[in-house]
Amino acid sequence: SFEIIFVGRSNVGKSSLLRELFGAKVRVGKRPGVTLRPAHIQISDLLITDMPGFGFMSGVKDRKQDIIKDKTVHYIEDNAERIKLGVLVIDGPALPQIVDRWDSRNQIPIDVEMFDFLREVGIDTIIAANKMDKVKENEYDPLLDEIAFWLGLEPPWQNWKHIIAPISAKKGDLKALKGLLRDRLHEMKRDDLF
Ligand code: GDP
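Worth saying up front: this structure is predicted, and the values here are computed from it rather than measured. (Residues numbered from 1 in each chain as written. Predicted model: local features only at pLDDT ≥ 70, side-chain atom pairs only at ≥ 80, totals over all residues. Heavy atoms only, no water.)

Undergrad: Can you walk me through the environment of Ile90 in this structure?
TA: The topology assignment puts Ile90 in strand S4 (residues 83-91). Excluding residues that lie within four positions of it along the chain, Ile90 makes contacts with Val12, Leu95, Asp111, Ile127, Ala128, Ala129, Asn130 and Ile147. (Helix = DSSP H or I, 4+ residues; strand = E, 2+ residues; numbered from the N terminus. Contact = heavy atoms within 4.5 Å.)

Written as structure tokens, this is what we have:
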């Protein structure tokens, strides 16, 4: 069987995105950080996995954040063979501030860390840069260049359109991501999904 995992910090819009992509089959009414276990959607032999949101959450203890991160890492390691694709959802417009904050403490942002980790274990990973509806037209390309840079993908971001998909789950603008998912599923000989 094939598995696609969706990962991301809490509040990046992962639930909104999954709802747009797969309908109401995903978890609803969750409080951030409360759910520790991955949620699954099974579409014939394809397993879609919604990993718990990681990173800072107000009202959730640091210890719990570590547990979520560890569990995510273990889940991915344990199932790496079956996981054919990762979708890392990030909050596009928020990423530069997040990176600055971590960089000033000499730490790697959890988003970047997760991207590196997924690729290290051999999982092809798409970056879904969400909330791009918040970005002004003249800031759009510079922001995506900055995101690419921080992910270790040398700008211009257009060179990485097979990896970076700017989207807006809120506006239902998922063209770029659906295109990439379609390409990957085609490679897996699964043309029936999108
Ligand atoms: P999750 O914690 O990653 O599952 O995030 P949610 O889907 O619960 O969304 C978190 C917040 O971001 C909510 O207030 C959403 O309305 C908002 N949001 C999600 N996607 C978008 C988007 O594309 N654009 C904007 N502007 N807001 C979004």
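Alright, that's what it looks like, and here's the rest.
Undergrad: Help me understand the site of the ligand in this model?
TA: If you check the shell around the ligand, you find 16 residues, and the closest are Asn11, Lys14, Ser15, Ser16 and Asp133. In this structure, Ala169 approaches the ligand through a main-chain N or O atom, which is 3.0 Å from an oxygen atom. Separating an oxygen atom of the ligand from a backbone N or O atom of Lys170 is a distance of 3.1 Å. Contact with the protein chains removes 76% of the 580 Å² of surface that the ligand exposes when unbound. Top contributing element to the shell around the ligand by residue count: helix H1 (residues 14-22), with three residues. (Near = heavy atom within 4 Å. Polar contact = N/O pair within 3.5 Å; in protein donor to acceptor, adjacent residues only side chain to side chain. Areas by Shrake-Rupley, 256 points an atom, 1.4 Å probe, with all protein chains shown as cover.)

Undergrad: Mind showing me how you'd approach the pattern of salt bridges here?
TA: Opposite charge on two side chains permits pairing when their charged atoms draw close. Scanning all chains against the criterion turns up eight salt bridges. Residue Asp111 is joined to Arg9 by a salt bridge in which the shortest nitrogen-to-oxygen separation is 3.3 Å. With Asp111 in helix H4 (residues 110-120) and Arg9 in the loop between strand S1 (2-8) and H1, the pair connects residues that are 102 residues apart, well separated along the chain. For Arg9, a relative accessible area of 14% translates into the label buried. The closest approach of N and O atoms between Glu113 and Lys69, which form a salt bridge, is 3.2 Å. Here Glu113 is found in helix H4, whereas its partner Lys69 is found in helix H2 (residues 62-79), with 44 residues between them in sequence. (Salt bridge = Lys/Arg side-chain N within 4 Å of Asp/Glu carboxyl O. Buried < 20%, exposed > 50% of the residue type's maximum accessible area, 1.4 Å probe, protein only.)

Undergrad: Can you help me understand the pairing of strand S3 (residues 46-50) in this one?
TA: Both faces of the sheet carry side chains from a regular strand, because those side chains alternate between them. For S3, the tally of buried residues reaches five of five residues, placing the bulk of the element in the interior. Two elements, S1 and S3, share five bridges in a ladder whose sense is parallel. Residue Ile5 lies in a different strand from S3, and its bridge partner there is Thr49. Relative to S3, strand S2 (residues 39-43) is paired through five bridges, and the arrangement is antiparallel. Paired with Gln42 across the two strands is Leu47, which belongs to S3. (Pairing = 2+ DSSP bridges.)

Undergrad: Please explain the sheet that holds strand S5 (residues 124-130) as it appears in this structure.
TA: Paired through their backbone hydrogen bonds, the strands of a sheet run either parallel or antiparallel. Within the open sheet, the six strands sit side by side as S2-S3-S1-S4-S5-S6. Their pairing is mixed. Either end of the sheet is taken by a strand with one partner, and the two such strands are S2 and strand S6 (164-166). When strand polarity is set aside, the average angle formed by the axes of neighbouring strands in this sheet is 20 degrees. Sheet contacts for H1: S1, S2, S3, S4 and S5; angle to S1, the most-contacted strand, approximately 145 degrees. (Axes fitted to C-alpha atoms, helices over the stretch in contact; angles between N-to-C directions.)

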